[in-house]
Amino acid sequence: MNLYQSLGYLVLGSRLRRLSEAFLAEINRAYQNAGIDFDASWFPVFYLLSKNDALSIKELSEQIEVSHPAASQLITNLKKRGLVSTDTCSDDGRRQLVTLTTSGRELLAQIMPVWAAITEAMTQLVEGDETALQLLPAVTALENTFRQSKLADNIVEKLNTNLKPAGNE
């Protein structure tokens, strides 16, 4: 058992980050090997825009569950690359609608087969392992549990309970 496995929940975030980074590095390598200039971090925006003609930055941030500034920064990066454009919404001048440019739609056509291959390869990778098959349901359950609880408050409560000074006897 390695250090990370032996420390349990103390390093859950670190283990999830390491797994995510390793997974995304493999996905990025697959895009690179296919000769496609695409970064896996762009996936949520491209996926949502593949299903919608246009979305506001607020809608994107809500659907991909990141802050508005983070979504805005991602859109700015994609705009600089010429992959998306933004236009002011006709009925609300404060809203910016994001759409794929011609280059973005061409890139989307290139990456969609990669998405299908990722799904197929991951399904094949986990299908022989009952525990691995539970990964996605377990992640969903953990996400839901985190949304419903206040972990930091619970930790502080445990600290306060466990660190109460002994009574003056």
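Below is a summary of the structure that appears in this document. (Residues numbered from 1 in each chain as written. Predicted model: local features only at pLDDT ≥ 70, side-chain atom pairs only at ≥ 80, totals over all residues. Heavy atoms only, no water.)

1. Remarks on the packing of helix α2 (residues 12-33) against helix α6 (residues 102-126)
Okay, step 1: Put simply, α2 and α6 touch, their axes get as near as 11 Å, and they point 135 degrees apart. In terms of orientation, α2 lies oblique with respect to α6. Crossing geometry of α2 relative to α6 is assigned as right-handed. Contacts between α2 and α6 pair F23, I27 and Y31 from the former with I111, V114, W115, I118 and M122 from the latter.
Okay, step 2: Broken down by class, the residue content of the contact of α2 with α6 amounts to eight nonpolar, no polar and no charged. (Axes fitted to C-alpha atoms, helices over the stretch in contact; angles between N-to-C directions. Helix = DSSP H or I, 4+ residues; strand = E, 2+ residues; numbered from the N terminus. Parallel < 35°, antiparallel > 145°, perpendicular 65-115°, else oblique. Left-handed = near helix turned anticlockwise from the far one by under 90°. Contact = heavy atoms within 4.5 Å. Nonpolar A, V, L, I, M, F, W, Y, C, P; charged D, E, K, R; others polar.)

2. Quick look at a nonpolar patch on the surface
Okay, step 1: Judged by side-chain polarity, L16, L142, F146, L151, I155, V156, L159 and L163 come together as a nonpolar surface patch covering roughly 720 Å² of accessible area.
Okay, step 2: Top contributing element to the nonpolar patch by residue count: helix α9 (residues 151-162), with four residues.
Okay, step 3: Tracing the sequence through the fold places L159 in helix α9.
Okay, step 4: Judged by relative accessible area, L159 falls into the partly exposed class, the value being 43%. (Patch = residues over 30% accessible without salt bridge, like charges linked within 9 Å, V, L, I, M, F, W, Y side chains within 5 Å. Areas by Shrake-Rupley, 256 points an atom, 1.4 Å probe, with all protein chains shown as cover. Salt bridge = Lys/Arg side-chain N within 4 Å of Asp/Glu carboxyl O. Buried < 20%, exposed > 50% of the residue type's maximum accessible area, 1.4 Å probe, protein only.)

3. A look at unusual backbone geometry
Okay, step 1: The phi torsion at E65 lies on the positive side, around 55 degrees, for a residue other than glycine.
Okay, step 2: Relative to the helices and strands, E65 resides in the loop between α4 (57-64) and α5 (68-80).

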